[in-house]
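# Survey of secondary and tertiary structure
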Amino acid sequence: MRVTDRVKEILSYYDGERPGVKANLARILMQGRTGGSGKVVILPVDQGFEHGPARSFALNPPAYDPHYVFELAIEARLSALAAPLGLLAAGADRFAGEIPLILKANSANSLGTVKDEAITAGVRDALELGCSAIGYTIYPGSERQYEMFEEVRAGAAEAKASGLAVVVWAYPRGGLIDGPGETALDVVAYGAQIAAQLGAHIIKVKPPTEAIATAEAERIYRESAVDLSQLSARVGEVVKAAFAGRRIVIFSGGPTRGTDDLLADVRAIRDGGGFGSIVGRNAFQRPRAEALAMLESMIDTYLGLSPSVRA
Ligand code: FBP
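In what follows, the accompanying structure is described. Owing to the predicted nature of the structure, the values given are computational and were not obtained by experimental measurement.

Estimates place the volume of the largest pocket at around 720 Å³. Lining the largest pocket are 35 residues, and of these Glu-50, His-51, Tyr-171, Arg-173 and Lys-206 sit closest to its centre. Residues of the lining of the largest pocket, tallied by class, amount to 10 nonpolar, 12 polar and 13 charged. Gly-141, Ile-177, Val-187, Tyr-190 and Thr-214 are, among the 17 residues lining the second largest pocket, the residues nearest its centre. Secondary-structure elements contributing two or more residues to the lining of the second largest pocket are helix 8 (145-161) and helix 10 (185-197). Per element, the largest residue contribution to the lining of the second largest pocket is 5 residues, and it comes from helix 10. Of the residues in the lining of the second largest pocket, the class split is 10 nonpolar, 5 polar and 2 charged.

Shown next, in the form of structure tokens:
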């Protein structure tokens, strides 16, 4: 594998990091159809735990099977598969070496009321499964935020010492943050900044809306010359919040929706300097052929290919 100049440039953002960590980042950045381009498309399948099995898999029942999602990520030639311990353990052996794995090491469920996550896996698990990275969700703003930060700090330090990359799902929620506030531009950017400060190599956020949740941030954005009415400009602000684009920031897909809508977001992420997508429900809730076609179009968009170029 010859690492491209663009990937070398991205790896240089992490200078001072352990070689094992950089090699694992390179693995993810060089994998699949986006490999070498500096863009990534990752399949996350932690929704069975986070949202429950019916909400996650009943729309496309083959997705109840962990092997199905491994095959989907491999066949679509994605960058990585991210999932909790149980799912990865069910396929890591059969599909060893076929797709980089990200072990989601903390998990929440939709049955509780407190915005919190339990540690459900460790660095040792990630190493045994052959993972390239370990991942944690944080809920900045929640009543449990500070304990979560401490858990991530400890987990990230151990992961890096073992040569694993660290992914943080930055999801401000709980406390004073209301529903629309969770995706407000200033709040999403704040989550990305906290994740970068906690030592994340890859930061996962939701696409930011035009809402600004805090009065001070609203005044500052209003006074700046930047037109934030387009998603691409807002993506640019979030990427800037993660050390001026020196961290890999990727955007989630959210609940399943039409392909055109999804691709419009992908164009905005690309144009705004985002590093890619982490798209779960929109992939595994579609029938297999539809999901593969959608993921192909998504990757084409990141690569700037038109269907005719591919033909
Ligand atoms: P989706 O593309 O399905 O939104 O997946 C991305 C993700 O970050 C998952 O990893 C996670 O389970 C989910 O979003 C959380 O969604 P919610 O905000 O509804 O809890």
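There's more to say after this.
Structurally, Asn-106 is set in strand 4 (residues 106-107). Among the residues examined, Asn-106 registers a relative accessible area of 2% and is labelled buried. Apart from the residues lying within four places of it in its own chain, the contact partners of Asn-106 are Glu-50, Glu-117, Ala-118, Ile-119, Thr-120, Gly-135, Tyr-136, Thr-137 and Met-148.

The subject of this paragraph is the nonpolar core. Grouped burial of nonpolar side chains is what soluble globular proteins tend to show. Grouped together as the largest cluster of nonpolar side chains are 104 residues, with contacts concentrated most on Leu-43, Leu-88 and Ile-203. Contacts of Leu-88, omitting those with residues within four sequence positions, involve Phe-70, Leu-81, Ala-83, Leu-101, Ile-102, Leu-103, Leu-129 and Cys-131.

The subject of this paragraph is the pattern of salt bridges. Within this structure, the stated rule accounts for 19 salt bridges. The salt bridge partner of Glu-17 is Arg-18, with a shortest N-O separation of 3.6 Å. On the accessibility criterion, Arg-18 (39% relative accessible area) is partly exposed. One network of salt bridges, with partners in common, ties together Asp-116, Arg-144, Glu-147 and Glu-151.

A few words now on the site of the ligand. For the ligand, the set of nearby residues contains 17 residues, the closest of which are Asp-46, Tyr-171, Lys-204, Lys-206 and Arg-281. In the environment of the ligand, an oxygen atom lies 2.8 Å from a nitrogen or oxygen atom belonging to the side chain of Arg-173. In isolation the ligand offers 470 Å² of accessible surface; the protein chains occlude 92% of this area. According to the grid-proximity analysis, the pocket containing the ligand is the largest pocket. Split into classes, the residues belonging to the shell around the ligand amount to 5 nonpolar, 6 polar and 6 charged.

A positive phi angle is found at Arg-77, which is not glycine, with a value near 55°. Unlike most non-glycine residues, Ala-244 shows phi in positive territory, near 55°. Its place among the elements puts Ala-244 in the loop between helix 12 (231-241) and strand 9 (248-252).

Thresholds applied
Residues numbered from 1 in each chain as written. Predicted model: local features only at pLDDT ≥ 70, side-chain atom pairs only at ≥ 80, totals over all residues. Heavy atoms only, no water. 1 Å grid on protein atoms, 1.4 Å probe; cavity = no way out; pocket = protein on both sides within 12 Å on 5 of 7 lines; lining within 4 Å. Points joined across faces, edges and corners; volume = space filled by probe spheres on them. Nonpolar A, V, L, I, M, F, W, Y, C, P; charged D, E, K, R; others polar. Helix = DSSP H or I, 4+ residues; strand = E, 2+ residues; numbered from the N terminus. Buried < 20%, exposed > 50% of the residue type's maximum accessible area, 1.4 Å probe, protein only. Contact = heavy atoms within 4.5 Å. Core = buried A, V, L, I, M, F, W, Y, C linked by side-chain atoms within 4.5 Å. Salt bridge = Lys/Arg side-chain N within 4 Å of Asp/Glu carboxyl O. Near = heavy atom within 4 Å. Polar contact = N/O pair within 3.5 Å; in protein donor to acceptor, adjacent residues only side chain to side chain. Areas by Shrake-Rupley, 256 points an atom, 1.4 Å probe, with all protein chains shown as cover. Sits in = over half its atoms within 2 Å of the grid points.

Interpretation note: all reported values are geometric properties and have no functional meaning in isolation.
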